[in-house]
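# Architecture at a glance
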Amino acid sequence: MEDLIKEYASGYQMLRDAIEGLTEEELRYKPAPDKWSIHQILIHVTDSEISSTSRLKKVLAEDEPTLISFDQDAWANNLGYDVLDREQYLLLFKLLRSSMQTILDNLTSEQSERVGVYVDQGRFTFKQLMEYRAEHIRNHVAQIERVKKAYYDNQTTKIKRSETIAE
């Protein structure tokens, strides 16, 4: 559990490292109309963190609480992710993660086995929920890397096209 808590604590820095040095054009680039930009990914990660922090606390505080998922696509499509302040959301993510740190530093092995129940997914221990939180960031950092590659590939294609036209 100790390594998991360390990884959880490093989530903000992992996101910061993934976007280091990117331009606004790179952050806003969408590899396809139905794909998220890096900006949108960062807003989503924070919205997910808002929900998950509450769920983590419910599992620790209540006896087998009911946990509710959220529709990430509905949130992205209906909450105006494109106009939301990315830096404000990253700060919120950082605060949410750091607000859990004292709780996690004092977590007992019994608490890590407490259970919450998703109506649509079943029973999960606190440890399993934490594993998902760590995996969620790893997956979205990998997604950010794919969007960066798609942006660079797109730029290279544009340059090659313009060179072909110039010849």
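The preceding data block contains the structure.
For clarity, every value in this text was computed on a predicted model and none was experimentally measured.

Strand order across the open sheet formed by three strands is β1-β2-β3, with mixed pairing between neighbours. Looking at which strands have only one partner, the edges of the open sheet turn out to be β1 (66–67) and β3 (122–125). Relative to strand β2 (residues 115–118), β1 runs parallel, the two being bridged by two bridges. Within β2, the position partnered with Leu67 by the bridge is Tyr118.

What follows covers the packing of helix α1 (residues 2–9) against helix α6 (residues 86–105). The geometry of α1 relative to α6 is characterised by a closest axis approach of 10 Å and an angle of 160 degrees between their N-to-C directions. As far as their axial angle goes, α6 and α1 are roughly antiparallel. The two elements α1 and α6 meet at a crossing, and its hand is left-handed. Contact with α1, carried on its side by Ile5, Glu7, Tyr8 and Ala9, involves Leu96, Arg97, Met100, Gln101, Leu104 and Asp105 of α6 and no other residues of that element. Its residues assigned to classes, the contact of α1 with α6 comprises six nonpolar, one polar and three charged.

Over its 24 residues, helix α4 (residues 38–61) extends 34 Å from the first C-alpha to the last, a length consistent with the 34 Å expected when each residue adds 1.5 Å. For α4, the tally of buried residues reaches 19 of 24 residues, placing the bulk of the element in the interior.

Turning next to the pattern of salt bridges. Within the structure shown, the criterion is met by twelve salt bridges. One salt bridge in this structure joins Glu7 and Arg138, with 2.4 Å as the shortest N-O distance. One end of the pair, Glu7, is in helix α1; the other, Arg138, is in helix α8 (residues 126–166), with 131 residues separating them in the sequence. When its relative accessible area of 23% is taken as the criterion, Glu7 is described as partly exposed. Three or more residues joined by partner-sharing salt bridges are found here, namely Glu24, Arg28 and Arg86.

Considering the arrangement of structural elements, one finds Gln128 in helix α8. Assessed through its relative accessible area of 36%, Gln128 is described here as partly exposed. Expressed as a C-alpha distance, the spacing of Gln128 and Lys6, which sit 122 residues apart in the sequence, is 15 Å.

In this structure, the largest pocket encloses a volume near 310 Å³. For the largest pocket, the lining is made up of 16 residues, of which Arg55, Tyr118, Gln121, Tyr132 and Arg133 are closest to its centre. Only α4 and α8 provide two or more residues apiece to the lining of the largest pocket.

This part takes up the environment of Leu27. As for its placement among the helices and strands, Leu27 is situated in helix α3 (residues 24–28). For the pair Leu27 and Asn78, spaced 51 residues apart in sequence, the C-alpha to C-alpha distance is 20 Å. Setting aside residues up to four positions removed in sequence, Leu27 forms contacts with Ile19, Leu22, Ser37, Ile38, His39 and Arg86.

What counts and what doesn't
- Residues numbered from 1 in each chain as written.
- Predicted model: local features only at pLDDT ≥ 70, side-chain atom pairs only at ≥ 80, totals over all residues.
- Heavy atoms only, no water.
- Pairing = 2+ DSSP bridges.
- Helix = DSSP H or I, 4+ residues; strand = E, 2+ residues; numbered from the N terminus.
- Axes fitted to C-alpha atoms, helices over the stretch in contact; angles between N-to-C directions.
- Parallel < 35°, antiparallel > 145°, perpendicular 65-115°, else oblique.
- Left-handed = near helix turned anticlockwise from the far one by under 90°.
- Contact = heavy atoms within 4.5 Å.
- Nonpolar A, V, L, I, M, F, W, Y, C, P; charged D, E, K, R; others polar.
- Expected span 1.5 Å × (residues − 1).
- Buried < 20%, exposed > 50% of the residue type's maximum accessible area, 1.4 Å probe, protein only.
- Salt bridge = Lys/Arg side-chain N within 4 Å of Asp/Glu carboxyl O.
- 1 Å grid on protein atoms, 1.4 Å probe; cavity = no way out; pocket = protein on both sides within 12 Å on 5 of 7 lines; lining within 4 Å.
- Points joined across faces, edges and corners; volume = space filled by probe spheres on them.

So far we have only geometry, and geometry alone does not tell us how the molecule works.
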